[in-house]
Amino acid sequence: QEQLVQSGAEVKKPGASVKVSCKASGYPLTTYYIHWLRHAPGQGLEWMGVINPSGGATVHAPEFQGRMTMTRDTSTSTVYMELSSLRSADTAVYYCARAPTVVRIESYFDSWGQGTLVTVSS
Amino acid sequence: DIQMTQSPSSLSASVGDRVTITCRANQGIGNYLAWYQQKPGKAPKSLIFDATNLQSGVPSKFSGSGSGTAFTLTISSLQPEDFATYYCQQYSNYPITFGQGTRLEIK
């Protein structure tokens, strides 16, 4: 069964960093791009960026450039998203999602992780 | 960025009803449009891609139409499990953007 499984909930203080993992199973990680999105309370879904697990290349949404790092470990079929300089507005559920294509970075998502709640509070 | 606008923002319907949700883009996106269903505390679930294609495993009661700037999601014969929030998403241009969501509630 193809699935993405994310790490557990996190509570962080303003200014700190958070690193969320997303482990792929049931298919080779390097086959498809993995995207990161978030859903803040009362807000819509927001696309953050994408990583090509095969070579490690990344593309970020403009608002996350310089503050978000996406990496991967092919030996464990896991991708990571680290967000730094956290503020209260970063409180959200963070999702990894698989794009069923490697032709272009813009894609829909056919499989999602279960979500990771990140709470930023002093 | 391409702005996606869904209407209505909320909708009340009864079991057995047929409902239609509209999504408009502020510029042409071809058929690069997806629809998702999200239930409370769960991740979004893919329903439709490329505007009209049903995701594998999704019942045929869900259908999508449209191209360019105007799209619709139709759900026929509503069942209790269909009451959720629905989102459209464009993947024509970087950055990927979503509509604000349509909450489908039981009347």
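Everything below is about the structure shown above.
Heads up: these notes are all about the structure in this document. What you see is a predicted model, and the numbers here were worked out from it, not measured in a lab.

## Some remarks on the overall build of chain B
Along the backbone of chain B there are zero helices and eleven strands. Radius of gyration (C-alpha) of chain B: 13 Å, near the 13 Å computed for a compact globule of 107 residues. For the C-alpha atoms alone, the extent of chain B along its principal axes is close to 35 × 25 × 25 Å. When contacts within chain B are restricted to residue pairs at least 6 apart in sequence, long-range pairs at least 24 apart make up 57% of them.

## What about the packing of aromatic side chains?
Per the stated rule, a full pass over the model turns up ten aromatic pairs over all chains. Plain terms: the ring middles of A:Trp47 and B:Tyr94 are 5.7 Å apart, the flat faces sit at 90° to each other, and that makes the pair edge-to-face. Note that A:Trp47 is positioned in strand 5 (residues 45-51) and B:Tyr94 in the loop between strand 9 (85-90) and strand 10 (97-98), a pairing that runs across two chains. Ring centres 5.7 Å apart and planes at 50° place the aromatic pair A:Tyr108 and B:Tyr91 in the tilted group. Taken as a pair, A:Tyr108 in the loop between strand 9 (92-99) and strand 10 (111-112) and B:Tyr91 in the loop between strand 9 and strand 10 lie in two separate chains rather than in one. Like B:Tyr91, A:Tyr108 is buried. Every member of this aromatic cluster is reached through a ring pair, and the members are A:Tyr95, A:Phe109, A:Trp112, B:Tyr36 and B:Phe98. Cation over ring: A:Lys19 sits above A:Tyr80, and NZ or CZ is 4.9 Å from the ring centre. Between the NZ or CZ atom of A:Arg98 and the centre of the ring of A:Tyr27, over which it lies, the distance is 4.6 Å.

## Regarding the sheet that holds strand 7 (residues 62-67) of chain B
All names here are of chain B. Taken in spatial order, the four strands of this open sheet run 1-3-8-7, and their pairing is antiparallel. Sheet topology places strand 1 (4-7) and strand 7 at the edges, where each strand pairs with a single neighbour. Sheet twist, expressed as the average angle between the axes of neighbouring strands with direction ignored, equals 20°. Direction of pairing for strand 7 relative to strand 8 (residues 70-75): antiparallel, over a ladder of six bridges. Residue pairing in the sheet places Ser 67 in a bridge with Ala 70 of strand 8.

Criteria and thresholds
- Residues numbered from 1 in each chain as written.
- Chains lettered and ligands numbered in written order.
- Predicted model: local features only at pLDDT ≥ 70, side-chain atom pairs only at ≥ 80, totals over all residues.
- Heavy atoms only, no water.
- Helix = DSSP H or I, 4+ residues; strand = E, 2+ residues; numbered from the N terminus.
- Rg over C-alpha atoms; globule rule 2.2 N^0.38 Å.
- Contact = heavy atoms within 4.5 Å.
- Phe/Tyr/Trp six-rings, centres within 6.5 Å; stacked < 30°, edge-to-face > 60°.
- Buried < 20%, exposed > 50% of the residue type's maximum accessible area, 1.4 Å probe, protein only.
- Lys NZ or Arg CZ within 6 Å of the ring centre and 35° of its normal.
- Pairing = 2+ DSSP bridges.
- Axes fitted to C-alpha atoms, helices over the stretch in contact; angles between N-to-C directions.

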